[in-house]
Each structure stands twice: as C-alpha cells, then as structure tokens.
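Fold and contact review
Letter by letter, the chains look like this.
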Amino acid sequence: MSRSNKLAHSIALVVLAGCGDARDSGNVALGANVYAQHCAACHGAKLEGQPDWRRRLQNGRMPAPPHDESGHTWHHSDNVLFGITKRGLVPPYAPPEYQSDMPAFGNKLSDDEIWAVLAYIKSHWTTREVLDARAEMTRSARKQ
C-alpha cells in the first residue's frame, strides 16, 4: 500500500470511528481474519464480489455482491448489515420467501466477530462520497 493510500486508510478509520458508535472502531484485524475465513469465498478476498453480481444466476438467486465501494453494501445502515449477517436475508431484510445463498452466521460467529467483520469492510470505504453518505445515514438513524 502506498504512503498516500495508507494515509487515506488511516483517515477513513478515524472518520468512521468518530461518526458512529463504539462498534465502528471494532477490531479491524480480527474482522479481516474472520472475513477471510467466512466471507471471502463468496464476496471475494478483496471485497470484489462475484462476477456479474447484478444479474441473477440460473437458479434465480443473486450472486454475492461486492463489499467495496463498487457495491451497495455501504448504502445500508450498520444495524441492517449486522442483521443480514447474523440472520441471513430474511424479513425484515428481504421479502418473505426470498431465496438467497447468504447464510445466517448467528450460530457460527459471535456478535463481536460480526461487528469486527463490518468494521473491516467499512475500513475499505474511503471516498468522500461514501464517507459523507454514511455520516448522514448515521445522523439520520440517531434522530429516529
């Protein structure tokens, strides 16, 4: 990683830690390890997702989306991302009877491990556009 990328990454971590709650500053190193073990097979070692992730597979299900900024993960609140990871794509995160290859990890990972994975994923969101959108999302969630 270049010096400027390291600096941007460090700034992003500080911004993320400052605009959310304590879970945002979770153990990114733990999250990287848990992600590699449980998530990378589908979502990609570099968070790139599966090819053609916007197009349904032959079985009618959607491919695993990227978790980098090219995907839509950053559009969802922390609580929604936590719920999907813990419970899978079931209501209220998806319509009833929705078919997905995304498993529920609530029986495999602790809540702390799930938050750590989310902290790891979020540590890769560094553009001003994404950081501003996430900050607004956090402000809006606090008002509710």
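Cut-off values and rules
- Residues numbered from 1 in each chain as written.
- Predicted model: local features only at pLDDT ≥ 70, side-chain atom pairs only at ≥ 80, totals over all residues.
- Heavy atoms only, no water.
- Helix = DSSP H or I, 4+ residues; strand = E, 2+ residues; numbered from the N terminus.
- Contact = heavy atoms within 4.5 Å.
- Areas by Shrake-Rupley, 256 points an atom, 1.4 Å probe, with all protein chains shown as cover.
- Salt bridge = Lys/Arg side-chain N within 4 Å of Asp/Glu carboxyl O.
- Buried < 20%, exposed > 50% of the residue type's maximum accessible area, 1.4 Å probe, protein only.
- Arc of directions from axis to C-beta.
- Polar contact = N/O pair within 3.5 Å; in protein donor to acceptor, adjacent residues only side chain to side chain.
- Core = buried A, V, L, I, M, F, W, Y, C linked by side-chain atoms within 4.5 Å.

Points about the overall build of the chain
- Each helix and strand counted, the chain has six helices and zero strands in total.
- Shown N-terminal to C-terminal, the secondary structure of the chain runs as helices and strands in the order α-α-α-α-α-α.
- Within the chain, contacts between residues separated by at least 24 positions form 54% of all contacts whose residues are at least 6 apart in sequence.
- Accessible surface computed for the chain: about 8700 Å², of which carbon and sulfur atoms make up 53%.

Let's talk about the pattern of salt bridges
- The tally for this structure, following the rule as stated, stands at six salt bridges.
- Where Asp 111 meets Lys 86, a salt bridge forms, and the shortest distance between an N and an O atom there is 2.7 Å. Residue Asp 111 is found in helix α5 (residues 111–122), and its partner Lys 86 is found in helix α4 (residues 78–87); the two are separated by 25 residues along the sequence.
- Looking at Asp 111, the relative accessible area reads 34%, which means it is partly exposed.
- Each of Asp 78, Lys 122 and Arg 134 takes part in a single network of salt bridges with overlapping partners.

With respect to helix α2 (residues 28–38)
- Every buried residue belonging to α2 is among Gly 31, Val 34 and Tyr 35, and all of these are buried. The arc enclosing the buried residues of α2, seen along the axis, measures out at 105°, which places them on a common side. Residues of α2 that are exposed and point more than 90 degrees away from the buried face comprise Ala 29, Asn 33, Ala 36 and Gln 37.
- In this fold, the buried residues of α2 make contact with α3 (40–43) and α5.
- The N-terminus of α2 is capped by Asn 27, whose side-chain oxygen sits 3.1 Å from the backbone nitrogen of Ala 29.

Observations regarding the nonpolar core
- With 18 residues, the main nonpolar core has Tyr 35, Val 117, Leu 118, Ile 121 and Trp 125 as its most contacted residues.
- If you tally residues by element for this core, the top one is α5, at six residues.
- Dropping the residues within four chain positions of it, Val 117 is found in contact with Gly 31, Val 34, Tyr 35 and Cys 39.

What about unusual backbone geometry?
- Between Pro 91 and the following residue, Pro 92, the backbone shows a cis peptide bond with an omega angle of 10°.
- Residue Leu 47 is not a glycine yet carries a positive backbone phi of 65°.
- As for its position among the elements, Leu 47 is in the loop between α3 and α4.
- Of note, Asp 52 is a non-glycine position whose phi angle comes to about 50°, a positive value.
- Here Asp 52 falls in the exposed class, since its relative accessible area comes to 55%.

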